[in-house]
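# Descriptive analysis of the structure
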Amino acid sequence: MPGHNAIEKARSEIRVGDIVFCLVQRKNLYYAHIVHEIESDRLGDEPKYWIGNIQGRVNRWCHHEHIFGVLAEK
């Protein structure tokens, strides 16, 4: 069936521009957001994903363990 589906991606496969369903940190809210930037966490090698809306506003961040799916074309 044509369309879009949520899939899991390894940490190394999540890219800027991906749309992710995630738990946003500090507020503990669930959103579908665009990954705007990926940076290394200051405590180690766990990347931090800065996510936001379609207008380019960066709202918050999350780690890979808080990402439950990535929107993908089939």
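Residues numbered from 1 in each chain as written. Predicted model: local features only at pLDDT ≥ 70, side-chain atom pairs only at ≥ 80, totals over all residues. Heavy atoms only, no water.

## Section: the environment of Glu39
Quick note on the threshold: The numbering of helices and of strands both runs from the N terminus, where a helix is a DSSP run of H or I of at least 4 residues and a strand a run of E of at least 2. We call two N or O atoms a polar contact when they sit within 3.5 Å, provided that within protein one can donate a hydrogen and the other can accept it, with sequence-adjacent residues counted only if both atoms are side-chain atoms.
Tracing the backbone through its elements, the reader meets Glu39 in strand E3 (residues 29–40). Residues Glu39 and Tyr49, spaced ten residues apart in sequence, show a C-alpha to C-alpha distance of 6.7 Å. A polar contact of 3.0 Å, which involves the side chain of Glu39, links it to the side chain of Trp50.

## Section: the pairing of strand E4 (residues 47–52)
Selection rule: Using a 1.4 Å probe on the protein chains alone, a residue whose accessible area is under 20% of its type maximum counts as buried, one over 50% counts as exposed, and one in between counts as partly exposed. At least two bridges found by DSSP between two strands is the condition for calling them paired.
Counting buried positions along E4 gives five out of six residues, so the element sits mostly inside the fold. As defined by bridge partners, E3 adjoins E4 across six bridges and the pair is classed as antiparallel. Note on E4: the bridge partner recorded for Val35 is Ile51. The pairing of E4 with strand E5 (residues 58–63) spans five bridges and is antiparallel. Bridge pairing in E5 places Lys48 opposite His63. From the end of E4 to the start of E5, which pair antiparallel, there are five residues, and Gly56 there has a positive phi angle of about 95°.

## As for the nonpolar core
As a reminder, the rule being used: The definition of a nonpolar core used throughout is a set of buried Ala, Val, Leu, Ile, Met, Phe, Trp, Tyr and Cys residues joined through side-chain atoms within 4.5 Å.
Of all hydrophobic cores here, the largest spans ten residues; its members are Ile14, Val20, Cys22, Val24, Val35, Tyr49, Ile51, Cys62, Ile67 and Val70. Among the secondary structure elements, those contributing two or more residues to this core are strand E2 (19–24), E4 and strand E6 (67–73). In terms of residue count, E2 provides more of this core than any other element does, three residues in total.

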